[in-house]
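Chain and residue survey
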Amino acid sequence: MSRNADESRAERIRAILETEGPAVSANASLLNEKRYDAIDSFPAYDELRSEARGIKEDAIAQLPELIDRVTEAVEDNGGTVYLAADAADANAYVESVAADRGVDSVVKSKSMTTEEIEVNDHLESREIDVWETDLGEFVLQVADEAPSHLVGPAMHKSRAEIAALFNGHFEPEEPLETAEELTRFARDYLGERIREADMGMTGANFVLAESGTIVLVTNEGNARKSAVTPDTHVAVAGVEKLLPSVAELEPFVQLIARAATGQPIAQYVSMLSPPTESPTLDFESDELGGGDREFHLVLLDNGRFDLREDDELRETLYCIRCGACANSCANFQSVGGHAFGGETYTGGIATGWEAGVHGAESVAEFNDLCTGCTRCVNACPVEIDIPWINTVVRDRLNRGQDPDRFDHLVDGLLPDEEAPGFTLQKRLFGNFESLARVGSATAPVSNRLASSRPVRAVLERAVGIDRRRELPTFARRTLIDWFDARGGSRVAPADATREAVVYPDTYTNYLSPERGKATVRALESLGVAVRVPPVGESGRAPLSQGMVDTARARASDVYGSLAEHVDAGRDVVVIEPSDHAMIHREYERLLPAASARRLRESSYDVMEYVYGLLENGADADALRAGDGEAVAYHGHCQGRTLGTDAYAVAVLERLGYDVRTSDVECCGMAGSFGYKRAYYELSVDVGEPLADSFADAETVLASGTSCGEQLEALLERPARHPIEHVGPQ
Ligand code: SF4
């Protein structure tokens, strides 16, 4: 990214943090908490997620047949189905229906698909009045703004801002103030519009092919009113909304409201199989009218069939648009969808939708806001791997870039697998292992140089590394060198309960060997024979920059180095949670299935491994006892997704520590993200709630390198890995 682009992005984010940030943060965090509560009290949640995922996979696989089936069913009911190729086609069809029926005014319920085709603008350009009847959408219509969230479109506005907006726009006799007054005003105002409207438009959360049924899930009841009050109902739905029949609907009804708002079920689940023969309504005479009803189902392609053919992005089509991925995202909680979103869609899954329906260029501005923390993965009710979608699109975007003007300086020096043209920033962060090797070999000179003002100025200008962020310090002696120099393991294999390889990840080996030494000592004290062989970087660094080919090559090298140990029955112990998560999640995408599985089944997070040893009889007295010492522990986001952070808490508690944890989703540092000039302020904003929650803690522990760096910067005191705290000195 150029210096100017960096600065304008930072400026835009800064402005949103100041204006929309507080309301988004409060509302997205609240929905996130409610989701956790709802799921905690619903044991069937995970089982239903898998069931829903399977139904969606099957439905998308048989999409052409479902379209035929729904067409037949809707026509049998007296309606019409139109398969629209793109937005222009859909809009032209809706316009033709309106023209045939002499429509002057339209009422709409909330629908992201109609936002996608911008049908309001199209109809208004034909002098047809369009009214949004969802309260949030109505607020945005008055404010002339785009939605900032899939479910809560006006989530970025406070009650006071909405009151000021309504009072200024509508000039009511008594100023509106409370949420009740605002809602009542909107309901009365929109009730009039609904009664007067000639045509109602809705989206559809689901469309049941067998019966031609439109399923609408809302909390306001406005969708059903908009659909049935006017004589003509047009429903616009992406083709991916099709399910075979009502038999497949139940898991989605159980999941969607829990994931979206934490409700067991939404206030209104309307199932309409529009009977065009039922009587129309006449509000003037208060009698049933004698007019004709019409129903039109517009099924929208607009890139969806291409997404269906895309092996990497197909799962975007399984999305039920609950917004949980946005609510669980630390960056989204800070800035909302006006920064973390594209032309139409917002949050983590926006990357898949935008790339599919508007093209990859509409993703470029916000794709980097997905840091791959994976907190959305468990939140998604249809098990979509949202971070992987973001990574794949990032990789594709990288390939479309013009060569960086500094690229020739590093091309050939950096051992990645990518074609020239990546930004210098991405290549340097993606090849961090090479930099760390040189930095360590030349320390302390490298550290002095890297912290000098002229070098920081160059790094900021040429690479986009924010000078306010302290750079990590390279250790002169690596973990591997230390281990070799001490003569290897102090526990002979013949005397050991187990044999383990400590994976010398880049951060531990070159930057923080102390936590590696603590790991070696702790495992030995628990009876394990340890090895620290030279093994390359896991691929996490290049993957985070969207360098998938390089990550695949790194993964393959790691497997090549560790396979002999796995064959020999040795366990692989990983200290850095992001590398452990790489082996457990992303290697499935990067390695042959059997290799990924073998490595996954032999690899453990270090605290998980210690927990297992203690559970199997190792002597806890070998580790440092807590004796009631209070510690604040932040588990790494990717470790939390895998559930391994719980082992650190369990070990600390077993050793007698009084452990406090934070429920923030991510520290905000996220590897290289917090170093980037464009995102430094966002990174700090995300990290502050975590730092605040630990502000009074004397001892702060964090399992991830980045988490530790962020906490140290914000709290101005050390934050060590738990193994350093409990390991024998
Ligand atoms: S990707 Fe999953 S969590 Fe995100 S909106 Fe879609 S269904 Fe919901």
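Everything quoted here is computed from the prediction, not taken from an experiment.

**Remarks on the overall build of the protein**
When helices and strands are tallied, the protein shows 36 helices and 20 strands. For 729 residues, the compact-globule estimate of 2.2 N^0.38 gives 27 Å, and the C-alpha radius of gyration of the protein, at 28 Å, lies within 12% of that figure. When each of the 729 residues of the protein is scored for burial, the buried share is 60%. Long-range contacts, defined as pairs at least 24 residues apart, comprise 76% of the intrachain contacts of the protein with a sequence gap of at least 6. Each charge sign in the protein was given a centre, from 70 positive and 125 negative side chains, and these centres are 8 Å apart.

**Comments concerning the site of the ligand**
With respect to spatial proximity, 14 residues lie near the ligand, and among them C319, C322, G323, C325 and C380 are the closest. The pocket occupied by the ligand, as judged from atoms lying within 2 Å of grid points, is the second largest cavity. Of the residues in the shell around the ligand, the class split is 12 nonpolar, 1 polar and 1 charged.

**So, the side chain of R35**
Along the chain, the position of R35 falls in helix α2 (residues 21-40). Summary of buried charges: R35 has no salt-bridge partner, and the nearest side chain of opposite charge, E665, is 4.4 Å away. Filtering out sequence-adjacent residues up to four positions away, R35 remains in contact with R258, A259, G262, A324, S328, A379 and E665.

**Quick look at the sheet that holds strand β8 (residues 242-243)**
Across the sheet, which stays open at both edges, the 4 strands sit in the order β8-β5-β6-β9 with mixed pairing between neighbours. On the outer flanks of this sheet lie β8 and β9 (268-272), each paired with one strand and no other. Alignment of strand β6 (residues 213-218) against β9, held across 5 bridges, turns out to be antiparallel. Counted as the bridge partner of L216 is S270 from β9.

**Things to note about empty space enclosed by the protein**
In this structure the tally under the stated criterion is 5 cavities of 30 Å³ or more. Estimated volume of the largest cavity: approximately 140 Å³. Secondary structure elements with two or more residues in the lining of the largest cavity: α15 (330-335) and α17 (375-379). For the lining of the largest cavity, the class distribution of residues is 11 nonpolar, 7 polar and 1 charged. Roughly 90 Å³ of internal volume is contained in the second largest cavity. Along the wall of the second largest cavity there are 14 residues; nearest its centre are C319, C322, C325, C380 and P381. Tallied by class, residues from the lining of the second largest cavity come to 12 nonpolar, 1 polar and 1 charged.

**Quick word on a negative patch on the surface**
Taken together, the side chains of D104, E118, D121, E124, D129, D144, E343 and E361 present a region of like negative charge at the surface. Tracing the backbone shows E343 in the loop between α15 and α16 (350-357). Judged by its relative accessible area of 53%, E343 is exposed.

**Some remarks on the pattern of salt bridges**
Here the structure, examined in full by the defined rule, presents 48 salt bridges. Residue E57 is joined to R53 by a salt bridge in which the shortest nitrogen-to-oxygen separation is 2.8 Å. Placement of both E57 and R53 in helix α3 (residues 45-61) is noted, with a separation of 4 residues, approximately one turn of the helix. If you follow the salt bridges from partner to partner, you end up with R53, E57, E315, D385, R540, R585, E586 and R589 in one network.

**Here we look at the nonpolar core**
By size, the foremost hydrophobic cluster in this structure holds 96 residues, and its most contacted members are F206, I349, L369, I384 and Y587. Among the elements that take part in this core, helix α28 (residues 548-567) stands out by supplying 8 residues, more than any other. Setting aside its immediate chain neighbours within four residues, F206 contacts T213, I214, V215, V217, K241, L243, L249, F252, I256 and I320. One finds A518, V520, L652 and Y657 within the second-largest nonpolar core, a separate group that totals 36 residues.

**Brief notes about the environment of G612**
With respect to the helices and strands, G612 occurs in helix α31 (residues 606-615). When the C-alpha positions of G612 and Y647 are compared, they lie 8.9 Å apart, and in sequence the two are 35 residues distant.

**Focus: unusual backbone geometry**
Following A443, the chain continues into P444 via a peptide bond in cis, with omega recorded as 5 degrees. Looking at where P444 falls in the secondary structure, it is placed in the loop between α21 (432-441) and α22 (445-450). Here E383, not a glycine, exhibits a phi torsion of approximately 55 degrees, which is positive. Inspection of the secondary structure puts E383 in the loop between α17 and α18 (386-399).

**A look at the sheet that holds strand β14 (residues 528-531)**
As summarised here, the arrangement of the 4 strands in space is β14-β13-β15-β16, forming an open sheet in which the pairing is parallel. The sheet is open, and its two borders are formed by β14 and β16 (603-605), each paired with just one other strand. If you compare each strand with its neighbour and ignore which way they point, the axes differ by 35 degrees on average. With 3 bridges joining them, strand β15 (residues 571-574) and β16 adopt parallel strand pairing. For V572, the partnering residue across the bridge sits in β16 and is S603.

**Focus on the packing of α28 against helix α29 (residues 577-590)**
Packing of α28 against α29 leaves a shortest axis separation of 10 Å and a crossing angle of 115 degrees. Taken together, the axes of α28 and α29 lie roughly perpendicular to each other. Seen along the crossing, α28 lies across α29 with a hand that is left-handed. Of the residues in α29, those touching α28 at V548, A551, R552, A555 and V558 are M582, Y587, R589 and L590.

**Description of a nonpolar patch on the surface**
A cluster of nonpolar residues, L281, F283 and L288, forms a patch on the protein surface that exposes about 270 Å² of accessible area. Inspection of the secondary structure assignment puts F283 in the loop between β10 (280-282) and β11 (287-289). Relative accessible area serves as the criterion here: at 36%, F283 is assigned to the partly exposed category.

**Observations regarding the environment of P534**
Along the polypeptide, P534 turns up in the loop between β14 and α27 (540-544). Sequence-wise, P534 and D481 are 53 residues apart; in three dimensions their C-alpha atoms are separated by 9.7 Å. Filtering out sequence-adjacent residues up to four positions away, P534 remains in contact with I480 and S561.

Calculation criteria
- Residues numbered from 1 in each chain as written.
- Predicted model: local features only at pLDDT ≥ 70, side-chain atom pairs only at ≥ 80, totals over all residues.
- Heavy atoms only, no water.
- Helix = DSSP H or I, 4+ residues; strand = E, 2+ residues; numbered from the N terminus.
- Rg over C-alpha atoms; globule rule 2.2 N^0.38 Å.
- Buried < 20%, exposed > 50% of the residue type's maximum accessible area, 1.4 Å probe, protein only.
- Contact = heavy atoms within 4.5 Å.
- Lys, Arg positive; Asp, Glu negative; His and termini not counted.
- Charge placed at Lys NZ, Arg CZ, Asp CG, Glu CD.
- Near = heavy atom within 4 Å.
- 1 Å grid on protein atoms, 1.4 Å probe; cavity = no way out; pocket = protein on both sides within 12 Å on 5 of 7 lines; lining within 4 Å.
- Sits in = over half its atoms within 2 Å of the grid points.
- Nonpolar A, V, L, I, M, F, W, Y, C, P; charged D, E, K, R; others polar.
- Salt bridge = Lys/Arg side-chain N within 4 Å of Asp/Glu carboxyl O.
- Pairing = 2+ DSSP bridges.
- Points joined across faces, edges and corners; volume = space filled by probe spheres on them.
- Patch = residues over 30% accessible without salt bridge, like charges linked within 9 Å, V, L, I, M, F, W, Y side chains within 5 Å.
- Areas by Shrake-Rupley, 256 points an atom, 1.4 Å probe, with all protein chains shown as cover.
- Core = buried A, V, L, I, M, F, W, Y, C linked by side-chain atoms within 4.5 Å.
- Axes fitted to C-alpha atoms, helices over the stretch in contact; angles between N-to-C directions.
- Parallel < 35°, antiparallel > 145°, perpendicular 65-115°, else oblique.
- Left-handed = near helix turned anticlockwise from the far one by under 90°.

Bear in mind that shape data such as this cannot, by itself, settle questions of function.
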